[in-house]
Every structure is written in structure tokens, then in C-alpha cells.
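Working through the structure, step by step
Below, each chain spelled out in residue letters.
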Amino acid sequence: MIKHTVGLVRYETPLESVRRVVDLAGGLAHLPSSSKVFIKPNIVFWTRTVNFPKWGVITTSRVIEDMVILLKERGVDDITIGEGMVLYDPKDKETPPHAFDSLGYNALNKRYGVKCMNVHERPFETVDLGDGIELKFNADILQSDFVVNVPVLKTHAQTKVSLGIKNIKGMLSITSRRKCHSADPERDLHLHVSRLADKLPPAFTLLDGIYTLERGPGFDGKPRRSNILAGSHDMLSADMVGTLLLGLSPSDIPYLVHAAANHSRPTDLSDVEVRGEKVEDLAAPHQYAFQYNESGTLPIQMERMGIQGVQYPKYDSTICTYCSVITGPILASIAYAWKGRPWNDVEVLTGKIMKPTPGKKTILLGRCLYQANKNHPNIDDMIAIKSCPPSPDAVIKALHEAGIDVNPTMLQNLDKVPAFLMQRYEGKPEFDESFFKIE
């Protein structure tokens, strides 16, 4: 049996900790200096307006710079950092360069000649991933000689974990990302994600667990300082070890089960050799799901507030990123609008497969759900939000029409919402913003 190697270390010092995990895994062994290297961080979210919690959400700039230094030590000059971050306005061309500059990537350009790339502005190529799955990938990563994949070690509300393979979703066109959240139960999100790394050039995956995240992937999750780095030439092995580090089992992660089966691999790590630290010494339980009531119709915190007369069924794998981004602010707006009087049987449906309940005012969030249910016989009173992604003004109008008098401020200022969470980290020195800067 072929053994796939994963290096595992405690993060202790800049550069040397990354060097150690790379060496343990043989990460850059035999990499020619003439290689065209593409570095893929995880910048799942950014706003130009306010400071926001990045811990466990975004790849630390510390680890990115350390990887660049190691590549330069090997004589590699052609290095590109590329990301296709989630933009609520797909036409936004100002936020990506702001993120790159704020995270210090422009300093890497001046110091080492590293190029930065917003993949939304670059060409895409259609890739056949088998079983009828075709997705458009950024052409630059496909045409590189070597990929350094640097995701955060975190959980994910839909896929349970978001690690190396899931990080490649940021290389897809927006249309292909939405396509991944398929309503087809046979070709669902988990199957799509499981194939994302199959046609990439050779890669080294480095899991950045300096900060890990519960209830990810966004800034509303719960980060912790974990000081873990894990790396491997085999992305599936890195993800299986990462899953164990998050206190979960690879056999319980659908996309890992699919990926292992597709490559005739076990999920019990019997074909994986972990070098360095022991997994059990660093592993800690991380919750991946936001808590809902027993019926799955309302977040548990809202039920404890006594909120009645509105249902917001728990998200499923078919809700795409662009609808999920606004879901948290909608729920918060509804909670703030609660005055103790039950609303008139309102339900807010999301994704692509939810079905309406007879006798309710049914809000359909997004074009996909509207198309799926616009003629459904169970709808007595339909309030449709047809825009894609759903516009804040359309959401406010729909909630008001349903009798939920939300204050428009939060929904009209989505880019400022993350700032309110920064107070959680005041007086906690372990949450150090210098990890996201390059001097």
C-alpha cells in the first residue's frame, strides 16, 4: 500500500514552523526553480468599509509570506497569489485589490516580485470532472506548474469542513460556484466539491491552523488560537488529517467519502503516514453547524427569545454562497424587529429544494427558489425576491410586506455588519491582527 505523507507541527515561530512542516511532508522537494507557482489562499470575505474578525476565516499573511520565502530560497521567481473572493456585487473591482494590499500582498510584490490576481478578472476554462460534471476553472491555476494551496483549518456549515479541496472552489467562475449547489440529490454540493482538485497541476496543501474556526466559514463563526500547521502533497490526505484535527471523522464528511471512493482510497488513514506531532495531541472538537430548534424551523437563539409566527428553515446544501451571505443579517434583522407579538404565519425559504407550507405567507429568497416554486399549489400568499443575489432593498420590502417591520439599516449596510463582532475580541491578546499584515 502506498503511504501518503502528512507533516504536522505546532506553530511556534515565523518561517521556521512553516519550514518544518514543509520539510516533514517533502513539500517542495524536486521543485525546479523554473516552475510557475500559483499560491491559493482563502479570502472568503472582505470589506473595504470596516475592520472585521479575520481569525480562522482568512489565511494568515504570516503563513503566505513564509511560503513565498521558502519558494524564493529554492530559486523560484514566477509566483502568483490568486483568489476569487466572494463579492456581493460580482462587478466590484475595488474590493479584491484592497484586500491584497491590506493583507500585505503588495509588499510581497515589491520585495519578491510576487504577482497578485483577482481571478474574476481572468479567463476561465471548462474542465470535465467526470460523471457529467463540468465546471469553469481559472485558467492561470490550470496552466501553472505547481500549486501551493493554503486554506484555513475550519469547519463549514454545509460541507462540515472547509480545507484543501474545498478551498479550490474559489478558483471557479461564479456560474460554476452556483452550479455546485445543485438540487440534484445524486450530483449535489458534496459530489461537486469532491472533484475540485482532480485536474489541478501537482500541489502542496498547507492547512493554516494558527487560528481554527467553529461554525465556519465566515466571520460570524467562533475562532480559537490553535497553533497547528499540517501539510501534504496529497490534498485528500491533508483534508482527512485536518478533519481529525477538528474533532470530526473523515467517514462522516460526504465530500471526503466521495473523493476517497473516486480514488480507491480508505477514509480511515490506514494509507497515511503523519510525521511530526501526533494528531490526537492536537485535535479538539469543533462544531460545524449553527444550532436550530428540534423542528429545524428557527435558530435556537431566536426560539429562546420567544419569537413566534415566523419560520426560517435551516439552510441546506443547495443555498449558494451569494444567498447565504445575506441570511445571517436577515435573521438578525428579524430578531431585532421582535416586539413580543406573533407575526402572521410567515415562512422564509432558501436554496433550491425547499417547498412551501399551505396557509402561510411564503417569502421565496432568490431567483432559484422562485423559479422552482412560482407555481406551487401550496402557496397561498407568495412574496418573491427574484434578484440574484437577493438585493437588500428587495429583502426589506418583502419582510415589510409580510408584516415584519425590520429596520433597514443592517441590511442596507451589509459591508459594515462585521465590525460589530470585533468587540468580542477586545482585551484578548491571542487574537493578534499582526498575523494578517506584512511589514
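Preceding block: the structure.
It should be emphasised that the depicted structure is a prediction, and the values quoted were computed from it without experimental measurement.

**Some words on unusual backbone geometry**
Glycine aside, negative phi is the norm for most residues, and most peptide bonds take the trans geometry. Here Gly 216 and Pro 217 are connected by a cis peptide whose omega angle stands at 20°. Tracing the backbone shows Pro 217 in the loop between β10 (203–214) and β11 (222–232). Between Cys 388 and the following residue, Pro 389, the backbone shows a cis peptide bond with an omega angle of -5°. Mapping Pro 389 onto the fold places it in the loop between β16 (381–385) and α15 (392–401). The backbone of Asp 345 shows a phi angle near 50°, a positive value even though the residue is not glycine. Mapped onto the elements of the fold, Asp 345 is located in the loop between α13 (321–337) and β14 (346–349). Taking relative accessible area as the criterion, Asp 345 reaches 37% and is therefore assigned partly exposed.

**Side note on the environment of Val 241**
Residue placement: Val 241 occurs in helix α9 (residues 235–245). With relative accessibility at 0%, the residue Val 241 sits in the buried group. A sequence separation of 15 residues divides Val 241 from Ser 226, and the C-alpha atoms of the two residues are 15 Å apart. Once residues within four sequence positions are removed from consideration, Val 241 is found in contact with Val 6, Leu 269, Val 272, Val 274 and Val 279.

**Some thoughts on the side chain of Thr 318**
Examined against the element boundaries, Thr 318 turns out to sit in the loop between β13 (310–311) and α13. Judged by relative accessible area, which is 3%, Thr 318 ranks as buried. Within the local environment of Thr 318, its side chain forms a polar contact with the side chain of Asp 316, the two groups lying 2.5 Å apart. Of the polar contacts made by the side chain of Thr 318, one reaches the backbone nitrogen of Lys 352; its length is 2.8 Å. Once you skip the residues sitting within four places of it in the chain, Thr 318 turns out to touch Gln 158, His 181, Ser 182, Ala 183, Gly 351, Lys 352 and Ile 353.

**Remarks on the nonpolar core**
The biggest cluster of nonpolar side chains holds 53 residues, and the ones touching the most others in it are Ile 39, Leu 71, Leu 206 and Leu 229. Put simply, the parts of the chain that give this core at least two residues each are α1 (16–25), β2 (36–40), α2 (61–73), β3 (78–83), α3 (95–102), α4 (105–112), β7 (146–149) and β10. The dominant element in this core, judged by the number of residues it contributes, is α2, at seven residues. If you look at the next biggest cluster of nonpolar residues, it comprises 46 residues, including Val 6, Ile 133, Cys 180 and Leu 191.

**Considering the packing of α13 against α15**
Orientation of α13 relative to α15, taken along the N-to-C sense of each, is 35°, at an axis distance of 12 Å. The crossing of α13 and α15 is right-handed. Residues Ile 326, Ile 330 and Ile 334 of α13 lie in contact with α15, whose contacting residues are Pro 392, Val 395 and Leu 399. For the contact of α13 with α15, the per-class residue count stands at six nonpolar, no polar and no charged.

**With respect to the sheet that holds strand β15 (residues 361–365)**
Strand order in this open sheet of four strands is β13-β14-β15-β16, and the pairing throughout is parallel. Each end of this open sheet is capped by a strand with a single partner; those strands are β13 and β16.

**Points about the pattern of salt bridges**
One pass over the structure, following the stated rule, counts 20 salt bridges. Residue Arg 19 pairs with Glu 73 through a salt bridge whose shortest N-O separation is 2.8 Å. Taken together, the residues Arg 19 in helix α1 and Glu 73 in helix α2 connect sequence positions 54 residues apart. Accessibility expressed as a relative area gives 22% for Arg 19, which makes it partly exposed. Note on Glu 73: relative accessible area 47%, which makes it partly exposed. Notably, a salt bridge pairs Arg 122 with Asp 140, separated by 2.8 Å at the nearest N-O pair. In this pair, Arg 122 sits in the loop between β4 (115–118) and β5 (124–128) while Asp 140 sits in helix α5 (residues 139–142), placing the two residues 18 residues apart along the sequence.

**Focus on the packing of aromatic side chains**
Counted under the stated rule, the structure contains twelve aromatic pairs. Centroid distance Tyr 11 to Phe 435: 5.9 Å. Interplanar angle 70°. Geometry classified as edge-to-face. Here the residue Tyr 11 occupies a position in the loop between β1 (4–10) and α1, and Phe 435 occupies one in the segment after α16 (408–412), the gap between them amounting to 424 residues. With a centroid separation of 6.1 Å and an interplanar angle of 80°, the aromatic rings of Tyr 292 and Tyr 315 are classed as edge-to-face. With Tyr 292 in the loop between α11 (279–282) and α12 (300–304) and Tyr 315 in the loop between β13 and α13, this residue pair connects regions lying 23 residues apart in the sequence. A cation over an aromatic ring shows up here: Lys 54 above the ring of Phe 52, its NZ or CZ 4.8 Å from the ring centre. Against the face of Tyr 322 rests Arg 178, its NZ or CZ located 5.2 Å from the ring centre.

Quick notes on the rules
Residues numbered from 1 in each chain as written. Predicted model: local features only at pLDDT ≥ 70, side-chain atom pairs only at ≥ 80, totals over all residues. Heavy atoms only, no water. Helix = DSSP H or I, 4+ residues; strand = E, 2+ residues; numbered from the N terminus. Buried < 20%, exposed > 50% of the residue type's maximum accessible area, 1.4 Å probe, protein only. Contact = heavy atoms within 4.5 Å. Polar contact = N/O pair within 3.5 Å; in protein donor to acceptor, adjacent residues only side chain to side chain. Core = buried A, V, L, I, M, F, W, Y, C linked by side-chain atoms within 4.5 Å. Axes fitted to C-alpha atoms, helices over the stretch in contact; angles between N-to-C directions. Left-handed = near helix turned anticlockwise from the far one by under 90°. Nonpolar A, V, L, I, M, F, W, Y, C, P; charged D, E, K, R; others polar. Pairing = 2+ DSSP bridges. Salt bridge = Lys/Arg side-chain N within 4 Å of Asp/Glu carboxyl O. Phe/Tyr/Trp six-rings, centres within 6.5 Å; stacked < 30°, edge-to-face > 60°. Lys NZ or Arg CZ within 6 Å of the ring centre and 35° of its normal.

Note that all results are geometric; they support no functional claim without further evidence.
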